[in-house]
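For reference, the chains in residue letters:
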Amino acid sequence: MPGEDATTKDRSAVRSLLRLWPYVRPVRARMGTAAAVAVVASCLGLVIPLVLKWIVDGPVAARDPGGVWLGALAVLGLGIAEAVLFGLRRWLVARPLASVEAAMRADLYRHLQRVPVAFHDRWPSGQLLSRATGDLSLLRLFLIFPLTFLFVNGVTILVGCALLLAQDWALGLVLLLPVVPLIVVCGVFEGRYALAARRAQDQIGDLTTLVEESVLGIRVVKGFGRHRSQARAFREKAGRLRGTELVKARLLAAIWAVITAVPEVAIGAALVLGTVRVADGELSAGTLVAFLSTALALRWPVDSIGFLLAMSQEAATATERYFEVMDEPAETGETAPARPVPGTAPAPAAPGPVSAPGPAPAPGSGSGSGSGSGSGSTLPGGLRFEGVSFRYPDAPPEAAPVLAGIDLWIRPGETMALVGATGSGKTTLTALVPRLYEASGGRILLDGEDIAGMPRERLRGLVTVAFEEPTLFSASVAENVLMGGAADAGPGELDRALAVAQAGFVRELPEGTATQVGEQGLSLSGGQRQRLALARAVVGRPRFLVLDDPLSALDVHTEALVEAALREVLAGTTALVVAHRPSTVQLADRVALLSGGRIAAVGTHRELLRDSAEYAWLMSGEATATATGGVR
Ligand SMILES: Nc1ncnc2c1ncn2[C@@H]1O[C@H](COP(=O)(O)OP(=O)(O)OP(=O)(O)O)[C@@H](O)[C@H]1O
């Protein structure tokens with residue numbers, strides 16, 4: 001996230017706001033008409049002083065009550081016309097500007113779906129949420145109000161000034177004298193307000209993140225009695241935001257005071273000067289009345305400049321924050337750049353004979369131990385990693401890569417278990433297969449085809465993944481499961497997938513597979529959610545299946561049932577299964593041991609138990625207890 005730098009970055013509010021043009025373009029005709037209507041309405045207000053001049057110098061001086069009534073009717077008519085035109089302006093912009101906000105929000109949402117996973121690793125969700133809600137509302141307000149009124153008030157002030165000078169240029173100059181210092185003060189205010197506005201909007205994002213984490217992690221917060229420290233953190237962030245809002249309020253109060261006081265002083269000076277000149281007979285009383293009425297009619301357009309500028313600054317900040325996200329490159333459906341395959345070296349030596357690469361025996365034979373070399377001279381089927389390395393984009397430069405030279409071959413129809421110490425990079429390796437992250441080096445082949453050369457959509461149609469943390473969406477059970485299948489997958493597919501995942505419990509739910517689950521629906525247990533996630537992974541009968549510890553939340557009996565059913569599915573697919581427990585490893589034909597960013601050994605469970613001390617330790621209860629703090 002850009003964060004603090006953005007608050008000090010030199011920027012132009014106008015340049016930022018101009019980026020809204022593509023969204024405003026479709027409604028420009030309505031906006032233009034509304035602005036023209038508002039200009040006419042505002043200028044009608046300036047005609048009233050001229051009518052007053054006519055009344056004072058004409059019917060009043062001539063003591064003609066009929067003329068006074070006529071003048072009063074004209075003033076009433078002008079007032080009503082002004083009100084009707086302002087109402088019409090509001091009606092003209094309300095609907096199109098709501099659609100601008102909706103279009104911007106839809107684009108933001110679409111873009112968030114298309115940016116790489118690495119982007120979401122970097123950006124706190126609260127920052128994205130505040131951009132999609134608060135910032136977009138600020139932009140809609142800007143388009144409704146300040147955008148039009150900065151223009152309308154500007155025109156009104158110019159027309160008013162011309163009228164003042166035309167009525168009496170000397171008095172006019174007295175009133176216009178403060179314009180130059182006011183422009184300087186507004187410039188200084190704008191700069192300071194821009195910094196405070198950016199800081200406040202970023203702090204709202206941070207606060208949103210904290211609230212979201214506290215709500216999502218409410219069980220941890222309560223379970224560990226952390227509500228006081230969370231409340232403290234909240235108070236601290238809210239206090240900081242309050243401080244920034246107070247800075248904004250102080251700046252606004254100061255500019256408001258200056259913008260209001262200076263013209264008042266000028267009007268006072270003009271009143272004194274004008275009265276003296278009326279007394280000397282140099283000026284008609286009607287002209288003085290008209291002059292002062294015009295000056296008073298200009299008070300609102302001048303006074304409002306302070307908060308219109310403040311709202312425009314906030315809108316410029318909101319635009320910047322919006323485009324910070326929109327400017328992030330999205331994942332294209334295109335292929336990834338070609339990556340070097342380091343040498344043709346075989347997998348590094350593993351402890352014991354089990355890692356020796358060699359010709360692969362038939363799948364499922366359970367014998368042999370070849371991990372496959374990275375030669376790439378032959379392009380056998382199955383899933384093949386050749387010299388694959390990976391470093392997280394946000395990892396410090398001095399940090400070692402998570403994966404360094406992975407060589408592994410999972411033959412067609414074979415199930416390979418991936419075992420390794422916690423943090424060894426198992427999840428990372430599985431995420432490279434559907435290209436959630438792009439490998440930094442080497443290549444991954446599916447049935448001999450480099451995944452870097454495949455359009456993402458096709459790749460993700462070939463590979464399905466079930467993650468360790470089973471996420472369910474706010475939708476029905478059926479919709480959640482069928483999300484993993486083809487668009488035309490029907491009830492038969494759904495039933496089969498639920499059977500494989502031993503998810504018969506859904507029949508007991510209030511509305512069966514139509515029951516709403518996820519955040520806005522029924523809460524399911526961890527094991528139930530995991531079974532639905534597994535059903536989602538297998539429903540599409542994928543050619544390649546990647547399962548990240550899919551059975552970790554199941555009790556031993558359910559696990560045994562799921563394993564039995566899963567065996568059937570695995571028999572027809574090429575699968576990589578991250579495993580922590582011997583029971584999950586049993587599902588696999590062979591096992592690969594990931595250690596130090598490399599595949600340290602490949603073989604059957606028995607072979608590795610016999611030949612790899614690290615594997616034997618990992619599979620022992622002792623390793624499990626160490627890794628989980630003895631919880632499991
Ligand atoms: N998004 C990320 N950005 C930077 N580093 C990360 C990211 N995700 C994971 N890592 C780091 O990469 C390393 C490997 O993490 P990974 O989740 O792949 O391990 P794992 O073997 O699956 O662990 P576990 O068995 O505990 O699930 C860890 O050191 C972790 O801190």
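Remember, predicted model here, so these are calculated numbers, not experimental data.

A.B. asks: Any details on the sheet that holds strand β5 (residues 449–450)? Residues and values, ideally.
C.D. replies: Taken together, the 4 strands give an open sheet; going across it, the order is β2-β1-β4-β5, and neighbouring strands pair in antiparallel fashion. Both outer strands of the open sheet, β2 (403–410) and β5, are each paired with one neighbouring strand and no more. Pairing of strand β4 (residues 441–446) with β5, which is carried by 2 bridges, proceeds in the antiparallel orientation. Along β5, the bridge assignment pairs Leu-445 with Asp-450.

A.B. asks: I'd like a rundown of the nonpolar core, residues and numbers included.
C.D. replies: In terms of nonpolar packing, the biggest core is built from 77 residues, with Ala-417, Leu-418, Val-419, Ala-501, Ala-535, Val-577 and Leu-593 touching the most fellow members. Not counting residues up to four positions away in its chain, the partners in contact with Ala-535 are Val-481, Ala-497, Leu-498, Val-500, Ala-501 and Ala-503. Among the nonpolar cores identified, the runner-up in size contains 63 residues, and Trp-123, Leu-175, Phe-189 and Ala-290 belong to it.

A.B. asks: Kindly report on the UniProt feature "domain: ABC transmembrane type-1" (unreviewed entry) in the protein chain, identifying the contributing residues and their values.
C.D. replies: This chain's UniProt record puts "domain: ABC transmembrane type-1" (unreviewed entry) on residues 34–314. Within residues 34–314, the helical portion is 92% and the strand portion 0%, while the C-alpha atoms at the span's ends are 23 Å from each other.

A.B. asks: If you had to explain helix α15 (residues 305–326) to someone new, which residues and values would you point to?
C.D. replies: Residues spaced three or four apart along an α-helix point in a common direction, a consequence of the helix completing one turn every 3.6 residues. Under the 1.5 Å per step criterion, the end-to-end length of α15 is 31 Å for 22 residues, consistent within 8% with the ideal 32 Å. α15 sits mainly inside the fold: 18 of its 22 residues count as buried.

A.B. asks: Quick one: what's the story with the environment of Gly-286, residue by residue and with numbers?
C.D. replies: Take Gly-286: it is sitting in helix α13 (residues 285–297). Taking the C-alpha atoms as reference points, Gly-286 and Asp-549, separated by 263 residues in sequence, lie 89 Å from one another.

A.B. asks: For the environment of Val-463, give the residues involved together with the corresponding values.
C.D. replies: Looking at the element boundaries, Val-463 is found in strand β6 (residues 463–466). The exposure class assigned to Val-463 is buried, which follows from the 22 C-beta atoms found within 10 Å. Linking Val-463 and Ala-575, residues 112 residues apart in sequence, is a C-alpha distance of 9.4 Å.

A.B. asks: An account of the environment of Ala-38 is needed here, citing residue identities and associated values.
C.D. replies: Checked against the element boundaries, Ala-38 lands in helix α4 (residues 28–60). Overall, Ala-38 belongs to the buried group, with 24 C-beta atoms counted inside 10 Å. Taking C-alpha positions, Ala-38 is 69 Å from Leu-418, a pair spaced 380 residues apart along the chain. When sequence neighbours within four positions are dropped, the list of residues in contact with Ala-38 reads Phe-86, Arg-89, Thr-148 and Val-152.

A.B. asks: Can you explain the domain arrangement of the protein chain? Please cite residues and give values.
C.D. replies: Taken as a whole, the protein chain is organised into domain 1 (14–326) and domain 2 (399–628). One C-alpha centre belongs to domain 1, the other to domain 2; they are set 55 Å apart.

A.B. asks: Any chance you could break down the site of the ligand for me, citing the residues and the numbers?
C.D. replies: Around the ligand lies a shell of 13 residues, among which Tyr-392, Thr-422, Lys-426, Thr-427 and Thr-428 are the nearest. No other element matches the 3 residues that helix α16 (residues 426–432) contributes to the shell around the ligand. Split into classes, the residues belonging to the shell around the ligand amount to 3 nonpolar, 7 polar and 3 charged.

A.B. asks: An account of the sheet that holds β6 is requested, with residue identities and associated values reported.
C.D. replies: Reading across from one edge, β6-β7-β8-β3-β9-β10 is the order of the 6 strands in this open sheet, with mixed pairing throughout. Two strands lie at the open edges of the sheet, namely β6 and β10 (598–603), each paired on one side alone. Recorded for the sheet is a direction-independent mean angle of 20° between the axes of neighbouring strands. The sheet contact formed by strand β3 (residues 415–420) and strand β9 (residues 590–595) spans 5 bridges and is parallel. Paired with Gly-420 across the strands is Leu-594, a residue of β9. With respect to the sheet, helix α20 (residues 526–538) is in contact with β6 and β7 (544–548), its orientation differing from that of β6 by roughly 175°.

A.B. asks: Outline the packing of α4 against α13, listing residues and values.
C.D. replies: Relative placement of two packed helices is described by the angle separating their axes and the distance separating the axes. Orientation of α4 relative to α13, taken along the N-to-C sense of each, is 160°, at an axis distance of 8 Å. In this view, α4 runs roughly antiparallel relative to α13, as classed from their interaxial angle. Our pair here, α4 against α13, has a crossing hand that is right-handed. Judged by residue contacts, Gly-45, Leu-46, Ile-48, Pro-49, Leu-50, Leu-52, Lys-53, Val-56 and Asp-57 of α4 engage Ala-285, Gly-286, Thr-287, Val-289, Ala-290, Ser-293, Thr-294 and Ala-297 from α13. Looking at the contact of α4 with α13 residue by residue, the class counts come to 10 nonpolar, 5 polar and 2 charged.

A.B. asks: Can you tell me about helix α9 (residues 169–176), naming the residues and giving the values?
C.D. replies: Among all positions of α9, only Leu-171, Gly-172, Val-174 and Leu-175 are buried. Projected down its long axis, α9 carries its buried residues within an arc of 160°, all on one side. Of the residues in α9, the exposed ones pointing more than 90 degrees away from the buried face are Trp-169 and Leu-173. Turning to α9, the residues buried within the fold contact α8 (146–167), α12 (227–279) and α13.

A.B. asks: Break down unusual backbone geometry for me, with residues and values.
C.D. replies: Even without being a glycine, Arg-435 presents a positive backbone phi close to 60°. Among the structural elements, Arg-435 can be located in the loop between α16 and β4. For Arg-435, a count of 21 C-beta atoms within 10 Å gives the class buried. One non-glycine residue, Gln-502, adopts positive backbone phi at about 50°. Here Gln-502 is to be found in the loop between α19 (491–500) and α20.

A.B. asks: Account for the pairing of β4, with residues named and values stated.
C.D. replies: Within β4, 5 of the 6 residues are buried, which leaves it mostly tucked inside the rest of the structure. With 5 bridges connecting them, strand β1 (residues 383–390) and β4 associate as antiparallel partners. When the sheet's bridge partners are listed, Phe-385 is paired in β4 with Ile-444. The hairpin turn running from β4 into β5, its antiparallel successor, is 2 residues long, and Asp-447 in that turn takes a positive phi close to 50°.

A.B. asks: I'd like a rundown of the confidence of the model for the protein chain, residues and numbers included.
C.D. replies: On average, residues of the protein chain carry a pLDDT of 82, and 87% of them reach 70 or more. Low confidence marks residues 2–9, where pLDDT is under 50. Its contacts with residues over four positions away, or in another chain, come to 8 contacts. In this model, residues 625–632 is a region of pLDDT below 50 whose contacts with residues beyond four sequence positions or in other chains number 3 contacts. Prediction confidence for the complex, expressed as pTM and ipTM, is 0.71 and 0.95 respectively.

Conventions used here
Residues numbered from 1 in each chain as written. Predicted model: local features only at pLDDT ≥ 70, side-chain atom pairs only at ≥ 80, totals over all residues. Pairing = 2+ DSSP bridges. Helix = DSSP H or I, 4+ residues; strand = E, 2+ residues; numbered from the N terminus. Core = buried A, V, L, I, M, F, W, Y, C linked by C-beta atoms within 7 Å. Buried ≥ 20, exposed ≤ 12 C-beta atoms within 10 Å, placed from the backbone. Contact = placed C-beta atoms within 7 Å. UniProt positions renumbered as here; feature names shortened; annotations may be inferred. Expected span 1.5 Å × (residues − 1). Domains from an automatic or database assignment. Near = placed C-beta within 6 Å. Nonpolar A, V, L, I, M, F, W, Y, C, P; charged D, E, K, R; others polar. Axes fitted to C-alpha atoms, helices over the stretch in contact; angles between N-to-C directions. Parallel < 35°, antiparallel > 145°, perpendicular 65-115°, else oblique. Left-handed = near helix turned anticlockwise from the far one by under 90°. Arc of directions from axis to C-beta. pLDDT = per-residue confidence, 0-100.

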